[in-house]
Structures are given as C-alpha cells and as structure tokens.
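Structural overview
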Amino acid sequence: MAEWREYYQNEDDEVEEDEEDSGGDYKISGRDSLVFLVDASKEMFIKGEDGEPSNFDMTMQCVRSVYTSKIISSDKDLVALVFYGTEQSKNPRNSFKHVYVYHDLDSPGSQRVLDIDKLLGEKGANFAENTLGSGETSLGEALWCCSNLYSDIKLRLSHKRLMIFTCRDDPHGGDGAKDRQARTKAADLKETGVVIDLMHLTKPGGFDVSLFFCDIVSPPEDESELGLQIEPCRKLEDLQKRVRAKELKKRSQSRLTFSLGEGVNLAVGVYVLARTAIKPSAVKLHRDTNEPVRTKTRYFHAHNGGILLPNDMKRAQVYGKKQIVMEKDEVDEIKKFDDPGLVLIGFKPMDRLKLHHHIRPALFIHPEEEQISGRYIPRRNTPPRFVALVPQREELDQSQTQATPPGFHVIFLPFADDIRTVDAHVGPTASDEQVDKMKEIVHKLRFKYKSDAFENPVLQQHYRNLEALALNMLEPEPIEDLTMPKVQMMDVRLGPLAQEFKDLVYPPDYNPEGKPAVKRKPAESGGGGAEKKPKVEMPEDELKNHVEKGTLGKLTVPVLKDACKQFGIRTTGTKKQELIDALTMHFSK
C-alpha cells in the first residue's frame, strides 16, 4: 500500500510534455511528414558569381540540415527526398518517367545523412549527373508520385508538407497540357491535407511566381507567412531560415477556454515558446541484437506472490494516527478542482509583477478560431495556479516574417509560502570612488544579450560525438564554447580600468593566488578517513511505542531501515511508507 502522493503528478513536469502525450482535446495528433521535391534540371547546377554554390548544392545543404536537426529533435517524423526533371527514373514500379525517389518517406537516420553527403560540392554535382541526370520535366507526374508516397504510409500523420525547390518559374516551357496536369495533381494533394510550399531560388531575370506556381502552392496558413513568398532565396542562410519557418509547425500544448466573465468565453491555444534543451535519456539495448528493450513493471503480493492488478491496490495516508485508505477514483476526485480553463480575475499594473516572482518557465496563449470545451487549470486533475497575463504585440523583421507573435505570456505567480525572507549578507561597504570606478568597468563591458546567441557547449559536444560515431567520422567536429569570456577583447575595452579598480579595492601586497591551500588534518584512526558513527539499535519497547501511537513517520528512512534489519522484517520496497507498513504489520500481530 503506497502513499497517494506518489500518484499526484507534479504540474511542473507538464511544461515539457508534447501534444501527443498531454491527453488534451486535440484536433490532430500523430507524426509530421515532409517531402523535399527538388528540381534536377541543368539550370540548378549552374554556379553563382564569385564561386558561390549552385542552387542544387545550396538545396542539398539545406536538406542535410533538416535531416540532422530532425534526428535530434523529432526522430519519429517522416522525411522523403524526390528529384524531378531527371534523366533516370526510380520510383515504385517505375510508373512515372523522369522522377527519381532518392529517399522514400521514413524516419531520418545516419545512413540518409551519408547519402546526402554524396550530393554535396563538386563531387556531389558529378555524382548527381551520373546517377540522376537531367531530362524532361513533368511536375504533374512528380506530384502524383509524392501522392503515392503518402498513400503508402499506414501510420497516422498529423501534418503533411511538400516543399518544391526550383529556380525555373516556367518548368514546362509553356506546355499547357503539362501545366494543367500539374495544377490538377496539386489540387488533389491539397484536398488530402498536403501543404505545398515553394522554395524558389534565384535565377537571371528574376523568378516570376505568377507564371505558374501561384496555382500550385497552398495559400498562407496565417498572416505571418505572407513575407515568405515574396523574394527568391539567394543565400543558404535565407533558404534555411525559410525552410525552418515553414517546417517547424506551431503546435499548441493544449487548448482551453478563456473566460472573461459571465457568458464571454474565448478559445485559446497554450504554446511553449522556449524550453530547456537537455540530453536525451539513454535507451537500453539488447546485448545480442542491439534492439531497444522495453521494460514492463508488475506488482506482486508480498505473501502469496500473486500478481496485483490496479484495482487490487489502495492508496493510503496517515492522518491523526490513523491510516486513511482510498480508492484510485477517490484520489482522482480529491485532486480535481474544476474543469480545465483560464479565468480572468482582474487587472493589476505592470509594476506589480516582479522578477523574483519567476518560479517556472512561462507559457504563451493565442486565440484559436475554433471553440473548444475545456485561475489556469491545464488538465482535469491539476491544481489551479494564479498567473499574470502579460500582453505582447506582433513584430515583423525586414522580410516581413513574424519575429514575435501577438498574444499573452502566462507568468506563473508564487503562493505566499513560496516566498522566503532571506537575511541580507552584511559586508564591508564600498566607497563612492570604488562604486564609480566599477560603473565605468560595467559600462565598458556591456553588450546586447540574446539567449539564442549562446549554445550549450555540453549539449553541442554530446551531439557532435554522436554524429561522429553515426557517420563514421575520424573525430567530431570542433565546437566553439560561446560561454567563455573573450578575454583579449575585454582587456582592450577596459584598458587600465581593471588595474585602477584593483588598486582602489585591494591592499598593495594582496595576492589572491599566493595563499596556500589549507590541508585537511588526517583522521586520528589508522584508516586515514573519517570514522563512521556506530549504528545505534532502537529498543523494541520504544519501537512498539511508536507503532501504537502512530508516530513512525517521525523517524527517518535510515532509522526505519536499520529497525527492519534489526528485527529481520522483510519489506516490499525501500520507500518510507512501505517500511512503516512492514513495521506496523510486524508489531501488530
């Protein structure tokens, strides 16, 4: 019998949950899928001015970056790479001419990254010419082939996206029959939920989307994407930025009803704008087959060894020297406060919100077009929290791409017992001259901080090591630790200020590195280490007295373990409540 608190999920853990695991009322769930449809015509292999990479090479670098990022962030997603306008044909049953399926829809892996590496650079262009070649173009058949790739997938797909990379605004050269066929297949794909995007690349004379592709691509999903369809991509950075903006689907963590008062309700989506990057958990593999191993937990009765089903187990809590036993349904009912939703209580000025109120990462809410059934209560069995809603205006960058979305930041507020009064450290007071000198130093070393400019060096090294092992590299690529201070630049900026500050604060003979380290005195015993305290056995009468009064909970876990060993009591586990149950059962006989 375990404590019911073990079944009380910590609401702080829900920030990291994905949409598929959070159990909300969602319209869609499943895996994302992405098909790269790349033009393999001769125009794609023409190098740019001043030795700039060709459009084909730039596209392959972009595809490789998506592959590697999905391996790390979302390895369950499906990705495919298809070339059209090729001389060779390779597709299921070779039904479509001049279409080459280089990778069918599947999860990205190290072998696929190695396959992309064969298409990079000068050697990659030669390999593509020998393997793919350049022939006639029929975008309609290429779209038909991509449609078959989607239909062959038996998994449930949440988002289906197809990206066309080309530098030709009139791929069929005015052939009306091929144009109509392509428009028809594009319409069929869009009806099945496939979003078609155009990643048009630069060409002499400019790329005119209105000639053909305006009828092929899907309309923008929201206003933030209007700027993504204006200018062609000239640099790899622009292309990668555009692909990331399209490929990274905005998923809501949950959808709730925002109540503004009696009868006034809005449906809002809850988003996680930023989350902590952590190392993935280790996966246990079978020693012989190297396949992932799944663990399965079963509970057995302590005396007869029978398997316990969920309805055989109770939850218990000691209160007033009595053990209160509850069913799982009763525990769930106790945890329930109200239906999920966000309720507006009132308004406060912004200066009432302080920095020290930050207790966990904030969320973000944005209005939803559909009304959804659903204080801030994210889930049915989650306790309510007081939150502050901080408004944010929409901001666009130079290319009219949305830089910050409009909506409200959800700032979690602490309860009264979350705030502690800390005694201020009393130390020597700095003089006005010292303070002014430090202000000069701070002014010289100030810079505009951006969180996305500093990568976690431990994580970067971890993934570089994994990449080197997976891709059979001799050694991992070196990383630059951006968290380390730029000492030389700081010295140039400060000049003599640092030494002047030292002269004001420290005495002339001060040497912080000259103090010898204090050595620890060796232990008096011959073992050379600290002596362990001998275990003190608890008298049986005292232990029985604790059992009768129901005060075993006041004892620590090590004391309870020693008591069980002292009297030869077998326990089903090592948790405190399990030790208390075993001692209570033993001395109650």
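All values derive from a computational prediction rather than experimental measurement.

Parameters and conventions
- Residues numbered from 1 in each chain as written.
- Predicted model: local features only at pLDDT ≥ 70, side-chain atom pairs only at ≥ 80, totals over all residues.
- Heavy atoms only, no water.
- Helix = DSSP H or I, 4+ residues; strand = E, 2+ residues; numbered from the N terminus.
- Buried < 20%, exposed > 50% of the residue type's maximum accessible area, 1.4 Å probe, protein only.
- Areas by Shrake-Rupley, 256 points an atom, 1.4 Å probe, with all protein chains shown as cover.
- Phe/Tyr/Trp six-rings, centres within 6.5 Å; stacked < 30°, edge-to-face > 60°.
- Lys NZ or Arg CZ within 6 Å of the ring centre and 35° of its normal.
- Axes fitted to C-alpha atoms, helices over the stretch in contact; angles between N-to-C directions.
- Parallel < 35°, antiparallel > 145°, perpendicular 65-115°, else oblique.
- Left-handed = near helix turned anticlockwise from the far one by under 90°.
- Contact = heavy atoms within 4.5 Å.
- Pairing = 2+ DSSP bridges.
- Nonpolar A, V, L, I, M, F, W, Y, C, P; charged D, E, K, R; others polar.
- Salt bridge = Lys/Arg side-chain N within 4 Å of Asp/Glu carboxyl O.
- Patch = residues over 30% accessible without salt bridge, like charges linked within 9 Å, V, L, I, M, F, W, Y side chains within 5 Å.
- Expected span 1.5 Å × (residues − 1).
- Arc of directions from axis to C-beta.
- pLDDT = per-residue confidence, 0-100.

Brief notes about the overall build of the protein chain
Looking only at helices and strands, the protein chain features 14 helices and 19 strands. Within the span of the protein chain, comprising 589 residues, buried residues form 33% of the whole. Of the accessible surface of the protein chain, which amounts to about 38,700 Å², a share of 52% is contributed by carbon and sulfur atoms.

Structural notes on unusual backbone geometry
For residues besides glycine, phi is generally negative; the peptide bonds are generally trans as well. We note that lysine 321 has phi near 65°; this positive angle belongs to a residue other than glycine. Here lysine 321 lies in the loop between strand E11 (315-319) and strand E12 (322-326). With a phi angle near 60°, asparagine 472 is a residue other than glycine that sits in the positive phi range. The residue asparagine 472 is located in the loop between helix H9 (457-470) and helix H10 (487-494) in this model.

Details of the packing of aromatic side chains
This structure, assessed with the given rule, holds 13 aromatic pairs. When the centroid spacing of 5.8 Å and the interplanar angle of 45° are considered together, the rings of phenylalanine 36 and phenylalanine 165 count as tilted. Linking phenylalanine 36 in strand E2 (residues 31-39) with phenylalanine 165 in strand E5 (residues 157-166), this pair joins segments that are 129 residues apart in sequence. The two residues phenylalanine 36 and phenylalanine 165 agree in class, both being buried. Through a chain of ring-to-ring contacts, three or more aromatic side chains come together here, namely Phe45, Phe56, Phe83, Tyr100 and Tyr102. The ring of tyrosine 150 carries lysine 160 above its face, with NZ or CZ at 5.9 Å from the centroid.

Quick look at the packing of helix H8 (residues 432-445) against helix H11 (residues 497-505)
A pair of packed helices can be characterised by two numbers: the angle between their axes and the separation between those axes. Interaxial distance between H8 and H11 falls to 10 Å at its minimum, and their mutual angle equals 155°. On the basis of the axis angle, H8 is roughly antiparallel to H11. Where H8 crosses over H11, the handedness of that crossing is left-handed. Judged by residue contacts, Glu433, Gln434, Lys437, Met438, Glu440, Ile441 and Lys444 of H8 engage Leu497, Ala498, Glu500, Phe501, Leu504 and Val505 from H11.

A closer look at the sheet that holds strand E4 (residues 99-106)
Either a parallel or an antiparallel arrangement is found when strands of a sheet pair, and the pairing is made through backbone hydrogen bonds. Pairing is mixed in the open sheet, where five strands are placed in the order E4-E3-E2-E5-E6. On the outer flanks of this sheet lie E4 and strand E6 (194-200), each paired with one strand and no other. For this sheet, the mean inter-axis angle between neighbouring strands, taken without regard to orientation, is 15°. Summarising the sheet, strand E3 (residues 78-84) and E4 pair through five bridges and their orientation is antiparallel. Considered in E4, the bridge of valine 79 is made with aspartate 106. Across the sheet, helix H1 (residues 55-73) lies against E2, E3, E4 and E5, angled at about 165° from E2, the strand it touches most.

Things to note about the packing of helix H4 (residues 139-151) against helix H5 (residues 176-191)
Put simply, H4 and H5 touch, their axes get as near as 7 Å, and they point 20° apart. Regarding the angle of H4 to H5, the classification is roughly parallel. Two packed elements cross with a definite hand, and for H4 against H5 that hand is left-handed. Here Leu139, Gly140, Glu141, Leu143, Trp144 and Ser147 of H4 lie close against H5, whose contacting residues are Gln181, Ala182, Lys185, Ala186 and Leu189. Here the contact of H4 with H5 is composed, by residue class, of six nonpolar, three polar and two charged.

So, the pattern of salt bridges
In total, this model carries 16 salt bridges according to the counting rule given. Between glutamate 540 and lysine 544 there is a salt bridge whose closest N-O contact spans 3.5 Å. Of this pair, glutamate 540 and lysine 544 both sit in helix H12 (residues 540-549), four residues apart, roughly one helical turn.

Details of the pairing of E11
Inspection of the sheet shows E11 paired to E12 by five bridges, in the antiparallel sense. Counterpart to arginine 315 in the pairing with E12 is methionine 326. The antiparallel pairing of E11 with E12 creates a hairpin that spans two residues between the two strands, and glycine 320 there sits at a positive phi of about 60°.

Some thoughts on a nonpolar patch on the surface
A grouping of Leu260, Val264 and Leu266 is seen on the molecular surface, where their side chains present a nonpolar patch of about 230 Å² in accessible area. Residue classification places leucine 266 among the partly exposed positions, given a relative accessible area of 42%.

Quick look at H1
Taking 1.5 Å as the rise per residue, H1 with 19 residues should run 27 Å; its terminal C-alpha atoms sit 27 Å apart, in good agreement. Residues of H1 that are buried: Asn55, Phe56, Asp57, Met58, Thr59, Met60, Cys62, Val63, Arg64, Val66, Tyr67 and Lys70.

Thoughts on H12
Every buried residue of H12 is accounted for by Leu543, His546 and Val547. Down the axis of H12, the buried side of the element spans an arc of 100°, and every buried residue falls inside it. Looking at H12, the residues exposed on the side facing more than 90 degrees away from the buried face are Asp541 and Glu548.

Regarding the environment of leucine 497
By secondary structure assignment, the location of leucine 497 is in helix H11. Along the sequence, leucine 497 and glutamate 440 sit 57 residues apart, while their C-alpha atoms lie 7.8 Å from each other. Beyond its immediate chain neighbours, meaning those up to four positions away, leucine 497 contacts Lys437, Glu440, Ile441 and Lys444.

Comments concerning the side chain of serine 138
By secondary structure assignment, the location of serine 138 is in the loop between helix H3 (121-131) and H4. Overall, the relative accessible area of 12% leaves serine 138 in the buried class. With near-sequence residues (within four places) excluded, serine 138 lies in contact with His172 and Gln181.

Overview of the environment of glutamate 136
Here glutamate 136 shows up in the loop between H3 and H4. Apart from the residues lying within four places of it in its own chain, the contact partners of glutamate 136 are Gly85, Thr86, His98 and Lys178.

A closer look at the confidence of the model for the protein chain
Overall, the prediction assigns the protein chain a mean pLDDT of 81, with 85% of residues at 70 or greater. Low confidence marks residues 1-28, where pLDDT is under 50. Its contacts with residues over four positions away, or in another chain, come to 71 contacts. Here residues 524-531 is modelled with pLDDT under 50, and outside its nearest four sequence neighbours on either side it reaches four contacts, counting other chains as well.

Notes on the environment of leucine 119
Turning to its location among the elements, leucine 119 is positioned in the loop between helix H2 (110-117) and H3. By relative accessible area, which is 1% here, leucine 119 ends up buried. Taking the C-alpha atoms as reference points, leucine 119 and methionine 60, separated by 59 residues in sequence, lie 6.9 Å from one another.

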